[in-house]
Amino acid sequence: MTKRQTQEERSRQTQSRVKQATIECILEKGIRATSTVDIARKAGVSRGALLHQYPSKELLMQAALEDILNREVESVQDMATRIKAGELDFETMLQALHEHFKGDMYMVTLEFLTTARTDPAIKEVLVPLATTFNASLEQIWEQLVMNAEHSSHEKRVALNATLCMMRGMGAQSIWREDPALYRDMLLFWKRTLLELGFSTSENTKRVPHNDKNDRDTE
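In this text, all values refer to a predicted model and were calculated from it rather than measured experimentally.

Conventions adopted
- Residues numbered from 1 in each chain as written.
- Predicted model: local features only at pLDDT ≥ 70, side-chain atom pairs only at ≥ 80, totals over all residues.
- Heavy atoms only, no water.
- Core = buried A, V, L, I, M, F, W, Y, C linked by side-chain atoms within 4.5 Å.
- Buried < 20%, exposed > 50% of the residue type's maximum accessible area, 1.4 Å probe, protein only.
- Helix = DSSP H or I, 4+ residues; strand = E, 2+ residues; numbered from the N terminus.
- Contact = heavy atoms within 4.5 Å.
- Polar contact = N/O pair within 3.5 Å; in protein donor to acceptor, adjacent residues only side chain to side chain.
- Salt bridge = Lys/Arg side-chain N within 4 Å of Asp/Glu carboxyl O.
- Phe/Tyr/Trp six-rings, centres within 6.5 Å; stacked < 30°, edge-to-face > 60°.

K.L.:
So what exactly am I meant to see when it comes to the nonpolar core here?
P.N.:
Taken as a class, soluble globular proteins show a tendency for nonpolar side chains to be buried jointly. With 58 residues, the main nonpolar core has Val18, Ile39, Met93, Phe112 and Leu193 as its most contacted residues. Going through the elements one at a time, α1 (2-29), α2 (36-43), α4 (57-84), α5 (90-100), α6 (104-116), α7 (120-144), α8 (152-172) and α9 (179-195) are the ones with two or more residues in this core. Sort the elements by how many residues they give to this core and α4 lands first, with twelve residues. Sequence-distant contacts of Ile39, that is, excluding residues within four places in its chain, are made with Val18, Ala21, Thr22, Cys25, Thr34, Leu50, Leu60 and Met61.

K.L.:
For this particular structure, what's the right way to read the environment of Tyr182?
P.N.:
Position of Tyr182 relative to the elements: it lies in helix α9. Judged by its relative accessible area of 2%, Tyr182 falls in the buried class. As a C-alpha pair, Tyr182 and Gln95 span 87 residues in sequence and 9.5 Å in three-dimensional space. Setting aside anything within four residues of it in sequence, one finds Tyr182 in contact with His98, Met169, Gln172, Ser173, Arg176 and Glu177. Reaching out from Tyr182, the side chain makes a polar contact with the backbone oxygen of Arg176 at a distance of 2.4 Å.

K.L.:
I tried to follow the pattern of salt bridges on my own but got confused; where do I start?
P.N.:
Note on pairing: side chains with opposite charge can pair once their charged atoms come close. A full pass over the atoms with the stated rule returns 13 salt bridges. Residue Glu99 pairs with Lys102 through a salt bridge whose shortest N-O separation is 3.9 Å. A salt bridge links Arg156 to Glu138, with the shortest nitrogen-to-oxygen separation between them at 3.0 Å. One end of the pair, Arg156, is in helix α8; the other, Glu138, is in helix α7, and 18 residues separate them in sequence. Given a relative accessible area of 21%, Glu138 falls into the partly exposed group. When salt bridges with common partners are traced through the structure, they connect Lys19, Asp67 and Arg71 into a single cluster.

K.L.:
What should I look at first to understand the packing of aromatic side chains in this one?
P.N.:
Geometrically, a pair of aromatic rings is defined through the distance of the ring centres and the angle of the planes. The tally for this structure, following the rule as stated, stands at one aromatic pair. Centre to centre, the rings of Phe101 and Tyr106 are 5.7 Å apart; their planes meet at 55 degrees, and the pair counts as tilted. Across the pair, exposure class does not vary: Phe101 and Tyr106 are buried alike.

Structure below.
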């Protein structure tokens, strides 16, 4: 019994190292330029040990993407819990999402998106995981946005519009780092959501546009 548990523990540790090495290789070289030899070397395991855990590159890419997306969902769920506890407000949440979409998670998923456009095997890996990821975020958002005047569909549209904006800002940050512009875009989007009645507070009402108030809070 003890021997079996030790083997399982070692297997989990190997899988964890291999998935992290895969993410690092994707960030450094991109998916197409990354080989299982590169990943094994970075993970500090033999290629045979890697292939024992993940017999194909596609299975390895799937495991690595699933791992980083699951961690992101956990992070957003933690953020939602802090919002409910009054530790974070709506504006801070948007800023935190912006930071997430400039980080490793987004850059890895961006690699998958661009590769999937012309690689059916990677697209087959990406689609179900991305669908599950978006569904998880929609569930968290549904619980966070308290205003009952909006239908589930309206809340879903608001979330996906927010995510699309964040993804666009993340992609733009690759070639243009402009903190002042991004800050103003986030303020604009916060105003837009509040004016439409979206908030993490049950008591928030639709608010008029007021540039002065926004500048005073910066």
